[in-house]
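Okay, here's what each chain looks like letter by letter:
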Amino acid sequence: MSLLEVNDVTKSFGGVTALARVSVSVEAGEIVGLIGPNGSGKTTLFHCIAGALAPDSGDIRFEGRSLVGLAPAAICSRGVGRTFQLARVFPTLTALDNVLAGQSHRGERMLGAMLRGSAAAVRRRAHELLTLVGLDALAGEPAGELSYGQQRLLELAAVLMGDPRVILLDEPTAGVNPVLVERLLVALREINGRGVTIILIEHNMEAVTSLSGRMYALAMGRTIAEGTPQQVRDDPAVLEAYFGTGRLGSRR
Ligand code: ADP
Ligand code: MG
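Just so it is clear, the model here is predicted, and its values are computed rather than measured. (Residues numbered from 1 in each chain as written. Chains lettered and ligands numbered in written order. Predicted model: local features only at pLDDT ≥ 70, side-chain atom pairs only at ≥ 80, totals over all residues. Heavy atoms only, no water.)

Draft legend 1. Highlighting the sheet that holds strand β5 (residues 65-66). In space, the four strands of this open sheet follow the order β2-β1-β4-β5, with antiparallel pairing throughout. Unpaired on one side and paired on the other, β2 (16-26) and β5 mark the two borders of the sheet. Note that strand β4 (residues 57-62) and β5 share two bridges and pair antiparallel. Bridging from a neighbouring strand, phenylalanine 62 pairs with arginine 65 of β5. (Pairing = 2+ DSSP bridges. Helix = DSSP H or I, 4+ residues; strand = E, 2+ residues; numbered from the N terminus.)

Set out below in structure tokens:
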């Protein structure tokens, strides 16, 4: 049994089919990259997994149990964390408080943690996560004062505060300067090394191919390639989706 299984998920918006029978499976411990041109359905897939959107058909299973129909908070408390295409932080809260707020996303898990651990332990954990993303020196700064790249790293630390088993990252390097991209890649490898499964949507081809063990490519709501980063990057259907002008081939 895979950790996460997306089976034949379809999602339309009016006349636009954002996802057409998409299937993706992810094993525990993997880093899986999701690529594809703009509008290919990548963010919609994350919305469906995280419960922000309901699929029209198909099933999504996490640890063998269906997530379909559950509220986002319930999915989060099962261990599915996510970040958004544009960083979302609380600008007037300090960096530390943003990370602490990450706990509130985990519902029952948070209650458990509060009963088990002291407030001091929770703060220690928040500082530890800030250190992991290289922001501990800025713990007391309002998040709104941080650079956009730092806000993305902060968002990642906040998501980790929820103790997820898998994290869905939507274009984590977008708008981030190269130095912080390096920092982010190091942090993601470290996080994965601690046992957190990662699925990332990413346009930075170098970043996504270096991080991922496996990749999927989507185009026009369909999976057009799956395999090792090299296989996917070099797949003719993928090259055509990115660079071609003609109709996409029917390969799936
Ligand atoms: P990607 O993340 O790969 O760029 P999206 O999943 O955001 O693609 O979008 C896939 C398709 O679905 C696009 O054609 C987009 O315009 C459409 N779409 C996404 N969200 C909505 C929405 N809420 N309402 C209408 N159309 C949408
Ligand atoms: Mg998107």
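Draft legend 2. Focus on helix α7 (residues 178-193). In this model, α7 (16 residues) spans 23 Å end to end at C-alpha, consistent with the 22 Å of a helix rising 1.5 Å per residue. Along α7, the positions that sit buried rather than exposed are Leu180, Val181, Leu184, Leu185, Ala187, Leu188, Ile191 and Asn192. Along the axis of α7, the buried residues cluster in a sector spanning 165°; they form a single face. In α7, the exposed residues that point more than 90 degrees away from the buried face are Val179 and Gly193. Contacts made by the buried residues of α7 are with β3 (31-35), α5 (119-132), α6 (148-161), β7 (166-170), β8 (197-201) and α8 (205-211). (Expected span 1.5 Å × (residues − 1). Buried < 20%, exposed > 50% of the residue type's maximum accessible area, 1.4 Å probe, protein only. Arc of directions from axis to C-beta. Contact = heavy atoms within 4.5 Å.)

Draft legend 3. Spatial organisation of the sheet that holds strand β6 (residues 80-82). A sheet is described by the order of its strands in space; here six strands give the open sequence β6-β7-β8-β3-β9-β10, paired in mixed fashion. Across the chains shown, the open sheet's two edge strands, defined by having one partner strand only, are β6 and β10 (222-227). When strand polarity is set aside, the average angle formed by the axes of neighbouring strands in this sheet is 20°. Bridging between β3 and strand β9 (residues 214-219) involves four bridges; their strand directions are parallel. (Axes fitted to C-alpha atoms, helices over the stretch in contact; angles between N-to-C directions.)

Draft legend 4. Broad picture of the pairing of β3. Here β3 lies mainly inside the structure; five of its five residues are buried. Taking every second residue as pointing to the same face, both faces of β3 are buried, with Ile31, Gly33 and Ile35 on one and Val32 and Leu34 on the other. One ladder, built from four bridges, connects β3 with β8; its direction is parallel. Bridged to leucine 34 within β8 is isoleucine 201.

Draft legend 5. Molecular detail of the site of ligand 1. For ligand 1, the full set of nearby residues is Phe13, Val16, Ala18, Pro37, Asn38, Gly39, Ser40, Gly41, Lys42, Thr43 and Thr44. Glycine 39 is positioned with one of its backbone polar atoms (N or O) 2.7 Å from an oxygen atom of ligand 1. Its free accessible area being 560 Å², ligand 1 has 59% of it covered by the protein chains. Those elements that provide at least two residues to the shell around ligand 1 are β2 and α1 (42-50). Broken down by element, the shell around ligand 1 gets its largest block of residues, three residues, from α1. The residue makeup of the shell around ligand 1, split by class, is four nonpolar, six polar and one charged. (Near = heavy atom within 4 Å. Polar contact = N/O pair within 3.5 Å; in protein donor to acceptor, adjacent residues only side chain to side chain. Areas by Shrake-Rupley, 256 points an atom, 1.4 Å probe, with all protein chains shown as cover. Nonpolar A, V, L, I, M, F, W, Y, C, P; charged D, E, K, R; others polar.)

Draft legend 6. Molecular detail of the environment of leucine 93. Here leucine 93 lies in the loop between β6 and α3 (95-101). Here leucine 93 falls in the partly exposed class, since its relative accessible area comes to 32%. Contact partners of leucine 93, with chain neighbours within four places excluded, come to Asn98, Glu141, Pro142 and Ala143.

Draft legend 7. Representation of unusual backbone geometry. The residue arginine 21 is not glycine, and still its phi comes out positive at about 50°. Inspection of the secondary structure assignment puts arginine 21 in strand β2. In this structure, glutamate 63 takes a positive phi of about 50° despite not being glycine. In this structure, glutamate 63 sits in the loop between β4 and β5. A relative accessible area of 33% means that glutamate 63 is categorised as partly exposed.

Don't take any of this as a statement about function, it's just geometry.
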